[in-house]
Amino acid sequence: QVQLVESGGGLVQAGGSLRLSCAASGIIFRLSQMGWYRQAPGKQRELVAGISSGGSTNYADSVKGRFTISRDNAKNTVYLQMNSLKPEDTAVYYCNAGGSRGGSPFVYWGQGTQVTVSS
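Calculation criteria
Residues numbered from 1 in each chain as written. Predicted model: local features only at pLDDT ≥ 70, side-chain atom pairs only at ≥ 80, totals over all residues. Heavy atoms only, no water. Helix = DSSP H or I, 4+ residues; strand = E, 2+ residues; numbered from the N terminus. Buried < 20%, exposed > 50% of the residue type's maximum accessible area, 1.4 Å probe, protein only. Lys, Arg positive; Asp, Glu negative; His and termini not counted. Salt bridge = Lys/Arg side-chain N within 4 Å of Asp/Glu carboxyl O. Polar contact = N/O pair within 3.5 Å; in protein donor to acceptor, adjacent residues only side chain to side chain. Contact = heavy atoms within 4.5 Å. Pairing = 2+ DSSP bridges. Axes fitted to C-alpha atoms, helices over the stretch in contact; angles between N-to-C directions.

*Asks:* For this particular structure, what's the right way to read unusual backbone geometry?
*Replies:* Trans peptide bonds make up most of the peptide bonds, and negative phi angles are found at most residues other than glycine. Look at N76: it is not a glycine, yet its phi comes out positive at around 50 degrees. Locating N76 in the fold gives a position in the loop between β7 (67–72) and β8 (77–82). For N76, a relative accessible area of 27% translates into the label partly exposed. Located in the positive-phi region is S84, a residue other than glycine, with phi close to 50 degrees. The residue S84 is located in the loop between β8 and β9 (91–101) in this model.

*Asks:* For this particular structure, what's the right way to read the side chain of E6?
*Replies:* Note on placement: E6 falls in strand β1 (residues 3–7). As a buried residue without a salt bridge, E6 has its nearest oppositely charged side chain in R45, at a separation of 7.7 Å. At 3.0 Å, the side chain of E6 and the backbone nitrogen of Q111 are in polar contact. Of the polar contacts made by the side chain of E6, one reaches the backbone nitrogen of G112; its length is 2.9 Å. With near-sequence residues (within four places) excluded, E6 lies in contact with S21, C22, W36, Y93, Y94, C95, G110, Q111, G112 and T113.

*Asks:* Honestly, the sheet that holds β1 in this entry has me stumped. Any pointers?
*Replies:* Strands in a sheet are paired, the pairing made by backbone hydrogen bonds, and the direction either parallel or antiparallel. Read from one edge of the open sheet, four strands run β1-β3-β8-β7, paired in antiparallel fashion. Only two strands of the sheet have a single neighbouring strand rather than two, namely β1 and β7. Each strand axis lies, on average, 15 degrees off the axis of its neighbour in the sheet, ignoring direction. Where β7 lies against β8, six bridges are found, and the strand directions are antiparallel. From the neighbouring strand, S70 faces β8, where its bridge partner is Y79.

Okay, structure coming up:
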């Protein structure tokens with residue numbers, strides 16, 4: 001079955017850094033579009049960053065210049081390097097995989113990892 005397992009969350013002071021990892025199994029990772037989303041209490045889930053199968057990236061305006069998404073197809077893993085963290089980055093961060101299988105689209109989610117940034 002498909003699994004997306006996130007790790008790397010935690011508590012960090014404002015201005016600090018964290019790197020999130022998401023290890024995928026059960027999908028053809030190199031052909032999948034990967035993304036990181038986040039959801040803060042009382043708010044809707046929002047896209048943070050995405051990376052296509054070809055390596056093209058896109059970012060939310062709020063994280064441009066601070067966060068970097070990358071992928072290692074040999075390890076079936078996508079990363080989110082987060083620098084200059086702010087208290088407003090506090091949220092549960094979710095890994096997302098999208099693509100198609102047999103002509104049918106699919107979307108999978110990880111269980112989420114908590115990121116807390118203290119002021």
